[in-house]
Amino acid sequence: MKSFLISVLGDDKPGLVDGLSEIIVSNNGDWIESNMSSFEGKFAGILKVNVPSSDAAKLTKDLNSASLGLQIACEETLPVDKLSNVRSYNIELIGQNHVGIINKLSHVLADELQANVEELKTEIIDASMSGEQLFKAQINLHLPTSLDENLIRDKLEQIADEMMVEIYSYES
């Protein structure tokens, strides 16, 4: 059995998921996990597929020659052992929208806390009372177990104060 990570991007239209799933199932593939969205007329997605080793080359060929109107990238993945030297952590951020929020936060996470971002979801929402635009982010990450909990909290509070946002964090 082989696993593949597939990314897709193109103009949104009906039938894209159906077309992808048809290619996968015709190669005895199993659609394991995915995250797909439509943004302003574009369709983007990432998915994990397991396929018998004997069908792997044909799956890759069929995806690369598909006439779905999508840019498709397909890469084989290898199993990842559970990391014992990291802990999962979640961050929720909300505050007035302004340029540079993710840049500043990601700099602290990567450079000062050695964090690896596992998942990042962001959106702009309207504040319930004022109607102003708020930036909202949900971040799942891995932090080294060697980091002191107080250091993590201090760094997140510091960046929250600098950016004038609220940050809620908790270990998962």
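The numbering scheme is per chain: residues are counted from 1 as the chain's sequence reads. Owing to the predicted nature of the model, reporting of local features is limited to residues with pLDDT of at least 70; listing and counting of side-chain atom pairs is limited to 80 or more, with chain, interface and lining totals taken over all residues. As a convention, hydrogens and water are excluded, and side-chain values are obtained from all of the structure's heavy atoms.

1. Considerations on the nonpolar core
Phase 1 of the analysis: Nonpolar cores are built from buried Ala, Val, Leu, Ile, Met, Phe, Trp, Tyr and Cys residues. Side-chain atoms within 4.5 Å join them into one set. Partly exposed describes any residue whose relative accessible area lies between the buried limit of under 20% and the exposed limit of over 50%, with all areas from a 1.4 Å probe on protein chains only and scaled to the type maximum. Counting 22 residues, the largest nonpolar core has Leu93, Leu105 and Ile167 as the members making the most contacts within it.
Phase 2 of the analysis: Broken down by secondary-structure element, the contributors of at least two residues to this core are strand 5 (86-96), helix 3 (101-112), strand 7 (133-144), helix 4 (149-163) and strand 8 (165-171).
Phase 3 of the analysis: We call two residues in contact whenever any of their non-hydrogen atoms come within 4.5 Å of each other. If near-sequence neighbours (up to four positions away) are discounted, Ile167 is found in contact with Ile91, Glu92, Leu93, Leu105, Leu156, Ile159 and Ala160.
Phase 4 of the analysis: Of all hydrophobic cores here, the second largest spans 18 residues; its members include Phe4, Ile24, Ile72 and Cys74. Counting from the N terminus, the helices are the DSSP runs of H or I reaching at least four residues and the strands are the DSSP runs of E reaching at least two.

2. Overview of the pairing of strand 1 (residues 2-11)
Phase 1 of the analysis: Two elements, strand 1 and strand 3 (residues 42-51), share 10 bridges in a ladder whose sense is antiparallel. Residue pairing for strand 3: Lys2 is matched across the bridge by Val51.
Phase 2 of the analysis: Alignment of strand 1 against strand 4 (residues 70-77), held across eight bridges, turns out to be antiparallel. Paired with Ser3 across the bridge in strand 4 is Thr77. Two strands make a pair as long as DSSP finds a minimum of two bridges between them.

3. Some words on the packing of helix 1 (residues 16-26) against helix 2 (residues 56-64)
Phase 1 of the analysis: Fitted lines through C-alpha atoms give the axes, limited to the stretch in contact for helices. The angle between two N-to-C directions lies from 0 to 180 degrees. Two numbers describe how helix 1 lies on helix 2: the axes approach to 9 Å, and their chain directions differ by 155°. On the basis of their axis angle, the class for helix 1 and helix 2 is roughly antiparallel. The element helix 1 and its partner helix 2 pack so that their crossing is right-handed. Residues Leu20, Ile23 and Ile24 of helix 1 form the contact with helix 2, whose participating residues are Leu59, Asp62 and Leu63.
Phase 2 of the analysis: Three categories are distinguished: nonpolar for Ala, Val, Leu, Ile, Met, Phe, Trp, Tyr, Cys and Pro, charged for Asp, Glu, Lys and Arg, and polar for the others, with Gly belonging to the last. Taken together, the residues of the contact of helix 1 with helix 2 sort by class into five nonpolar, no polar and one charged. Note on angle classes: values under 35 degrees are labelled roughly parallel, values over 145 roughly antiparallel, values of 65 to 115 roughly perpendicular, and the remainder oblique. Note on convention: near helix rotated counterclockwise from far helix by under a right angle means a left-handed crossing. Clockwise means right-handed.

4. Concerning the sheet that holds strand 7
Hydrogen bonds along the backbone pair up the strands of a sheet, which may run parallel or antiparallel.
Phase 1 of the analysis: Overall, antiparallel pairing links the four strands, which are arranged 6-7-5-8 in an open sheet. At either end of the open sheet lies a strand with only one pairing partner, and these are strand 6 (116-126) and strand 8. With strand direction ignored, the average angle separating the axes of adjacent strands in the sheet is 15°.
Phase 2 of the analysis: Direction of pairing for strand 6 relative to strand 7: antiparallel, over a ladder of 10 bridges. Bridge pairing in strand 7 places Ile124 opposite Phe135.
Phase 3 of the analysis: Against the sheet, helix 3 contacts strand 5, strand 6, strand 7 and strand 8, and its axis sits at roughly 15° relative to strand 7.

5. Observations regarding the packing of helix 3 against helix 4
Phase 1 of the analysis: Direction vectors running N to C along helix 3 and helix 4 enclose 160°, while the axes themselves pass 11 Å from each other. Compared by their axis directions, helix 3 and helix 4 come out roughly antiparallel. Here helix 3 and helix 4 pass one another in a crossing that is right-handed. Of helix 4, the residues touching helix 3 (which contributes Ile101, Lys104, Leu105, Val108, Leu109 and Glu112) are Lys155, Leu156, Ile159 and Met163.
Phase 2 of the analysis: Of the residues contributing to the contact of helix 3 with helix 4, the split by class is seven nonpolar, no polar and three charged.

6. Remarks on the side chain of Asn27
Phase 1 of the analysis: As for its placement among the helices and strands, Asn27 is situated in the loop between helix 1 and strand 2 (30-39).
Phase 2 of the analysis: Dropping the residues within four chain positions of it, Asn27 is found in contact with Val51, Pro52, Asp55, Lys58, Leu59 and Asp62.

7. Points about helix 4
Since the α-helix packs 3.6 residues into each turn, any two residues three or four apart lie on the same face.
Phase 1 of the analysis: What a helix should span is 1.5 Å times the count of its residues minus one. Taking 1.5 Å as the rise per residue, helix 4 with 15 residues should run 21 Å; its terminal C-alpha atoms sit 21 Å apart, in good agreement.
Phase 2 of the analysis: Lining the buried residues of helix 4 we find strand 5, helix 3, strand 7 and strand 8.
Phase 3 of the analysis: For this analysis, a polar contact is any N or O atom pair within 3.5 Å, provided that within protein one partner can donate a hydrogen and the other can accept it, and provided that sequence-adjacent residues contribute only side-chain to side-chain pairs. Between a side-chain oxygen at the N-terminus of helix 4 and the backbone nitrogen of Asn150 the separation is 3.1 Å; the capping residue is Asp148.
Phase 4 of the analysis: Just past helix 4, the residue Met164 takes up positive phi, approximately 55°.

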